[in-house]
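Observations on chain architecture
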Amino acid sequence: MNNLSQIKVGRLALGFCAGIYAISANAQESSEPIGLLGYVGADVNETEFMKNLGLHFGGWIDAGITYNANKPAGRFNGPVTFDDRASEFQLNQLYFFLERAVNTEGDSWDFGGRFDFMFGTDAQFTQAAFGHWDQRLINSERFYDIALPQAYFEIFAPFGNGITAKIGHFYTIIGNEVVTAPDNFFYSHAYTMQYGEPFTHTGVLLSYPIDQNWTIMGGGVTGSETAGWDGAFDKGLGNWAFLGGVTWTSTDRGTSVALSATSGEISEQDSNNWSMYSLVIKHDIIEGLHYTFQHDHGWASKIVDGKDAEWYGINQYLTYDINDELAVGIRGEWFRDDDGFRVLSPIRGPYVSRSV
């Protein structure tokens, strides 16, 4: 198991991401593409109803094929998760969201929220931890399922520089790579993201910009028996954990440092600790050349035969923008799962959850 967590041999991922993006009606400027709906003149965000409510509807299609030179039996590409089918087309994400973003630059209260829907082979890895209501919403499909990865209210309170609060189910602030396909450079994911980090949380998260360079975040997450990792609304609601972080961004926006962490008890019946932190440093070396360094370290007390478990990794990314439409990149990763606690194979199945 330890060797599997470190070695990636003969794996070539070929993927594409086609957008169905729609530009927010209240945005002054946006780098977001017009998308398919805009091109066909069917952008619902241009209707009076959406504009009056400040709503934004969008989404994307993410799909690809992963080639494995070892030609594994059953085309199982594990212990890789998201692109776990070898030489087989995968519709990873058919993704839609409806959002009302709060105005964080005003001097008055504002209210909003977001709801996300995902269909595809990524859905099983984005559902809440084992045993929750959203597990296997489509029982007739082995690989395809539905996930509701975000459903939260958002509040902006004009105190000081402004406090923004998320209340509900939302994506984690931990790490560099994320679930949402357009926000990643690579089609495949690092083991650090797949096995070393939470994907979602349920709870409350506050964000406060100290100044133009510094932002702090903090809150409580619940709904799971893994210290707030991938929790839902129906179980473990009495087991709260900490989630927070701090980010620094240079004035020219060319460099950023983000330190995030989560820590809490395993469950309401088990007071042993489950914690991790993630450090992500990004720097624009020259115009168009971007470097990212990431280090994660996590541990869980008395989780494997009464002994502590530990996992950690170092990731490095280097990307170069050839032009506005084309970029190239490379990722190097070293991930260690000493106790065989985090890296599992196979992980997809009707009764298997991503989190232990």
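In the block above lies the structure referred to throughout.
Report follows, based on the coordinates. Please read these numbers as outputs of a predicted model, since none were measured by experiment. (Residues numbered from 1 in each chain as written. Predicted model: local features only at pLDDT ≥ 70, side-chain atom pairs only at ≥ 80, totals over all residues. Heavy atoms only, no water.)

Moving on, we come to unusual backbone geometry. The phi torsion at Ser87 lies on the positive side, around 55 degrees, for a residue other than glycine. Within the secondary structure, Ser87 sits in the loop between strand E2 (56-68) and strand E3 (90-100). Accessibility expressed as a relative area gives 40% for Ser87, which makes it partly exposed. For Arg253, which is not glycine, the phi torsion reads 65 degrees and is therefore positive. Tracing the backbone shows Arg253 in the loop between strand E10 (241-249) and strand E11 (255-265). Note on Arg253: relative accessible area 52%, which makes it exposed. (Helix = DSSP H or I, 4+ residues; strand = E, 2+ residues; numbered from the N terminus. Buried < 20%, exposed > 50% of the residue type's maximum accessible area, 1.4 Å probe, protein only.)

Turning next to the packing of aromatic side chains. Applying the stated criterion to the full structure yields 18 aromatic pairs. When the ring of Trp60 is compared with that of Tyr95, the centres are 4.2 Å apart and the planes differ by 15 degrees; the resulting orientation is stacked. One end of the pair, Trp60, is in strand E2; the other, Tyr95, is in strand E3, and 35 residues separate them in sequence. Aromatic side chains Trp229 and Trp311 sit 6.2 Å apart centroid to centroid with 85 degrees between the ring planes, which places their arrangement in the edge-to-face category. Within this pair, whereas Trp229 is found in the loop between strand E9 (214-222) and E10, its partner Trp311 is found in strand E14 (residues 307-321), the two being separated by 82 residues in sequence. Each member of the pair, Trp229 as well as Trp311, carries the same accessibility label: buried. Through a chain of ring-to-ring contacts, three or more aromatic side chains come together here, namely Trp229, Trp274, Trp311 and Phe341. The cationic tip of Arg114 hangs over the ring face of Phe97; the distance from NZ or CZ to the ring centre is 4.1 Å. We note Arg342 situated over the ring of Trp311; from NZ or CZ to the ring centre the distance is 5.6 Å. (Phe/Tyr/Trp six-rings, centres within 6.5 Å; stacked < 30°, edge-to-face > 60°. Lys NZ or Arg CZ within 6 Å of the ring centre and 35° of its normal.)

Let us now look at a negative patch on the surface. There is a patch of like negative charges on the surface, built from Asp252, Asp284, Glu287, Asp321, Asp324 and Glu325. For Glu287, a relative accessible area of 79% corresponds to the exposed category. (Patch = residues over 30% accessible without salt bridge, like charges linked within 9 Å, V, L, I, M, F, W, Y side chains within 5 Å. Areas by Shrake-Rupley, 256 points an atom, 1.4 Å probe, with all protein chains shown as cover. Salt bridge = Lys/Arg side-chain N within 4 Å of Asp/Glu carboxyl O. Lys, Arg positive; Asp, Glu negative; His and termini not counted. Charge placed at Lys NZ, Arg CZ, Asp CG, Glu CD.)

Note: strand E13 (residues 289-304) against E14, 13 bridges, orientation antiparallel. Residue pairing across strands places His295 opposite Ile314, the latter belonging to E14. If you look at the hairpin formed by E13 and E14, you'll find two residues sitting between the two strands, and Asp305 has a positive phi there, around 50 degrees. Where E14 and strand E15 (residues 327-337) come together, 11 bridges link them in antiparallel fashion. In the sheet register, Thr319 faces E15, and the bridge partner there is Gly329. Counted between consecutive antiparallel strands, the loop separating E14 from E15 contains five residues. (Pairing = 2+ DSSP bridges.)

Once that is clear, we can look at the pairing of E13. The pairing of strand E12 (residues 273-286) with E13 spans 12 bridges and is antiparallel. Its bridge partner being in E13, Tyr277 is matched across the sheet by His297. The turn joining E12 and E13, which pair antiparallel and follow one another in sequence, is formed by two residues; a positive phi near 90 degrees is taken by Gly288.

Across all of its chains, the model carries eight salt bridges by this definition. Residue Arg75 is joined to Glu88 by a salt bridge in which the shortest nitrogen-to-oxygen separation is 3.8 Å. Note that Arg75 is positioned in the loop between E2 and E3 and Glu88 in the loop between E2 and E3, a separation of 13 residues in sequence. For Arg75, a relative accessible area of 43% translates into the label partly exposed. Residue Asp338 is joined to Arg336 by a salt bridge in which the shortest nitrogen-to-oxygen separation is 2.5 Å. Overall, Asp338 belongs to the partly exposed group, its relative accessible area being 31%.

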